[in-house]
Amino acid sequence: MLLNRRIVVGICGGIASYKAVDLVSKLQQTGALVDVILTKHAEDFVRPLTFAAVSHRPAYTDLWEASGQAAEMHIVLAEEAEVLAIVPATANTLAKLAHGIADNMLTAVALATQAPLVLAPAMYRDMYTHPATRANLALLRERGAHIVEPEVGRLASGAIGPGRLPETAVLLGAISQALGRNGDLAGRKVVVTAGGTREPIDPVRYVGNRSSGKMGFALATEARDRGAQVVLISGPVALDAPYGVELHAVETALEMRDAVRGATLDADVLIMSAAVADFRPAAPAAHKLKKEGRAEQGIAFDAQGGFTLHLVRNPDILGELAAAEDSGKSLGDEGKRQKRLVRVGFAAETSDLVSYAQGKLAAKRLDLLVGNDVSRSDSGFGAETNKVLIFHAAGGMEDLPLMPKQDVAAAIWDRIVPLLR
Ligand code: PMT
């Protein structure tokens, strides 16, 4: 997504400017061509040489330097930039941008460029909440600037409040989203499920599985970076919420079913990569089960002190959607859905992948099914990479090589996009 993309990063004079070094370094590592412009006050915090070293390109400062090269460069940079990200954006620079003031290299590029503007304000709490700053941000937002809200927390001054620059991952997400705004999923709403469900046995124990959520989160961020509006419905995972994605946290299969029903009413695509429990304990105990087992727990302990957990079937979320389409009715409360939902399922198998996957493609009446070999340690649950087969409803099967999950996600969306036309 970021490979060979032209990104201009503007640095303003705030204490958070040292964090922008990490951002520029990460952008360069992903293959982006990053040009850095520092305001005069930014130079008081971090030297241009530092940014030049991590970006592997010159860092620009003074618009009026003697050689005149910078004066030409502000037009070159403005024309070549695919995104202008200002990190951190100070109250002073936000005010200049809002009012079209172009008195330095950075604000001149901002005024001259057609590229989308990503602004990450970071400053002292009371400067951020000042009506002037609020009004300037509102004006910039209205004009299409993408504002990455600062985090609330402890500021350099010791005060607590809004004003902290978000982590690099968030800033990378905002830049990627801005770059992909006109991508092949622009104007589409997609729903992705991720992670595994937890089916309670009692308030502290559950029946679960090993899904980490990595595959589903990769599908969600890939769709975001192609311009989609993304709803990510996830079971409990240890991953941070991706920037620019609407995250619905659920726990059980029944909660996931409700969330999917609601979110797909007006969606174009549903990808179910979640590992949904097929069964749940019939009667979860209201209190923690004790080894000594008492009659009021409703559990019949055997002579060895063990007990049998009675499981009942969970609804098949994808199966229900297919049945609803047959009957021409939406599963939600809002009557018939107008759009045709492209449905994509996964099949996690440890043996007979092809036959099980083909069976699920037909039984759940899917457009695509991703057959996931989970018998190898470098594929499936928890792994960074995945080995999948893609089965098409129209016929045919593709055997993809082992790839990072982000690349698998891209390959899956490449196959979904033609189905939307
Ligand atoms: O999260 P990671 O660690 O990255 O791992 C990714 C993954 C291995 C979980 C993922 O790639 C994957 O294979 N997900 C599907 C797991 C699965 O349980 O598949 P299944 O064969 O049991 O179910 C088939 C399809 O029906 C799936 O799309 C599933 O989401 C859906 N389903 C299952 C049960 C149910 N009650 N309702 C459903 O809709």
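Higher on the page you've got the structure.
Predicted model only: the values in this text are computed from it and were never measured.

Student: Could you give me a rundown of the overall build of the chain, with the residues and numbers involved?
Tutor: Within the chain, the secondary structure is distributed over 14 helices and 22 strands. Expressed along its principal axes, the backbone C-alpha trace of the chain runs to roughly 90 × 55 × 45 Å. Put simply, the chain has 421 residues, and 49% of those count as buried. A separation of at least 24 residues holds for 67% of the contacts in the chain among residues at least 6 apart in sequence. Element-wise, carbon and sulfur atoms account for 52% of the exposed surface of the chain, whose accessible area totals about 19800 Å². Each charge sign in the chain was given a centre, from 45 positive and 48 negative side chains, and these centres are 3 Å apart.

Student: An account of the environment of Gly196 is needed here, citing residue identities and associated values.
Tutor: In this fold, Gly196 is placed in the loop between strand E9 (189–194) and strand E10 (199–200). Remark: the alpha-carbon pair of Gly196 and Asp258, spanning 62 residues in sequence, is separated by 15 Å. Setting aside residues up to four positions removed in sequence, Gly196 forms contacts with Asn209, Ser211, Gly235, Pro236 and Ala275.

Student: So what about the packing of aromatic side chains? Which residues, and what values?
Tutor: What characterises a pair of aromatic rings is the spacing of the ring centres plus the angle enclosed by the ring planes. In this structure the tally under the stated criterion is zero aromatic pairs. Taking NZ or CZ as reference, Arg134 lies 4.7 Å from the ring centre of Tyr128, over its face.

Student: Outline the sheet that holds strand E17 (residues 342–349), listing residues and values.
Tutor: The strand order across the open sheet formed by eight strands is E13-E12-E9-E14-E17-E18-E20-E21, and the pairing between neighbours is mixed. In this open sheet, the two strands that pair with only one neighbour each are strand E13 (246–249) and strand E21 (397–399). The mean angle between the axes of side-by-side strands here comes to 15 degrees, regardless of whether they run parallel or antiparallel. Sheet topology note: the strand E20 (residues 388–392)/E21 ladder contains three bridges and is antiparallel. Looking across to E21, one finds that Ile390 is bridged to Glu398.

Student: A description of the pairing of strand E14 (residues 269–272) should follow, citing residues and the corresponding values.
Tutor: Going residue by residue along E14, you find Val269 and Ile271 tucked away on one face and Leu270 and Met272 tucked away on the opposite face as well. Here four bridges tie E9 to E14, and the two strands are oriented parallel to one another. Paired with Val190 across the bridge in E14 is Val269. Note that E14 and E17 share four bridges and pair parallel. The residue of E17 that forms the bridge with Met272 is Gly345.

Student: Lay out the environment of Ala20 with the relevant residues and their values.
Tutor: Examined against the element boundaries, Ala20 turns out to sit in helix H1 (residues 19–29). For the pair Ala20 and Gly10, spaced ten residues apart in sequence, the C-alpha separation works out to 9.2 Å. Those residues in contact with Ala20 that lie beyond four places of it in its chain are Ile11, Phe51 and Val87.

Student: Talk me through the nonpolar core; I want residue IDs and the actual numbers.
Tutor: Across soluble globular proteins, nonpolar side chains have a tendency to be buried as a group. If you look at the biggest cluster of nonpolar residues, it comprises 33 residues, and the most contacted ones within it are Leu219, Val269, Ile271, Ile412, Trp413 and Ile416. Looking at this core, the elements that each hand over two or more residues are E9, helix H10 (214–224), strand E12 (229–234), E14, E17, strand E18 (368–373), E20 and helix H14 (405–416). By size, the runner-up hydrophobic cluster in this structure holds 32 residues, among which are Ile11, Leu38, Ala59 and Ala85.

Student: Could you give an account of the environment of Ser17, naming the residues involved and the relevant values?
Tutor: Here Ser17 shows up in the loop between strand E1 (6–11) and H1. Ser17 sits 148 residues away from Leu165 along the chain, and the two C-alpha atoms are 9.0 Å apart. Those residues in contact with Ser17 that lie beyond four places of it in its chain are Ile11, Cys12, Phe45, Val46, Phe51 and Pro88.

Student: Pulling in residues and values, what's your account of the packing of H1 against helix H3 (residues 48–55)?
Tutor: In the contact formed by H1 and H3, the axes pass within 8 Å of each other and the chain directions differ by 25 degrees. Judged by the angle between their axes, H1 and H3 are roughly parallel. In the packing of H1 onto H3, the handedness of the crossing is right-handed. Within the contact between the two elements, H1 uses Ala20, Val21, Val24, Ser25 and Gln28 and H3 uses Thr50, Phe51, Val54 and Ser55.

Student: Kindly report on the site of the ligand, identifying the contributing residues and their values.
Tutor: In the vicinity of the ligand, 27 residues are found, and the nearest of them are Ser211, Ser212, Lys360, Asn372 and Gly382. Interatomic distance of 3.0 Å between a backbone N/O atom of Leu318 and an oxygen atom of the ligand. Separating an oxygen atom of the ligand from a side-chain N or O atom of Lys405 is a distance of 2.7 Å. If you list the elements that add at least two residues to the shell around the ligand, you get H10, helix H12 (317–327) and E17. Here the shell around the ligand gets four residues from one element, more than from any other, and that element is E17.

The rules behind the values
Residues numbered from 1 in each chain as written. Predicted model: local features only at pLDDT ≥ 70, side-chain atom pairs only at ≥ 80, totals over all residues. Heavy atoms only, no water. Helix = DSSP H or I, 4+ residues; strand = E, 2+ residues; numbered from the N terminus. Buried < 20%, exposed > 50% of the residue type's maximum accessible area, 1.4 Å probe, protein only. Contact = heavy atoms within 4.5 Å. Areas by Shrake-Rupley, 256 points an atom, 1.4 Å probe, with all protein chains shown as cover. Lys, Arg positive; Asp, Glu negative; His and termini not counted. Charge placed at Lys NZ, Arg CZ, Asp CG, Glu CD. Phe/Tyr/Trp six-rings, centres within 6.5 Å; stacked < 30°, edge-to-face > 60°. Lys NZ or Arg CZ within 6 Å of the ring centre and 35° of its normal. Pairing = 2+ DSSP bridges. Axes fitted to C-alpha atoms, helices over the stretch in contact; angles between N-to-C directions. Core = buried A, V, L, I, M, F, W, Y, C linked by side-chain atoms within 4.5 Å. Parallel < 35°, antiparallel > 145°, perpendicular 65-115°, else oblique. Left-handed = near helix turned anticlockwise from the far one by under 90°. Near = heavy atom within 4 Å. Polar contact = N/O pair within 3.5 Å; in protein donor to acceptor, adjacent residues only side chain to side chain.

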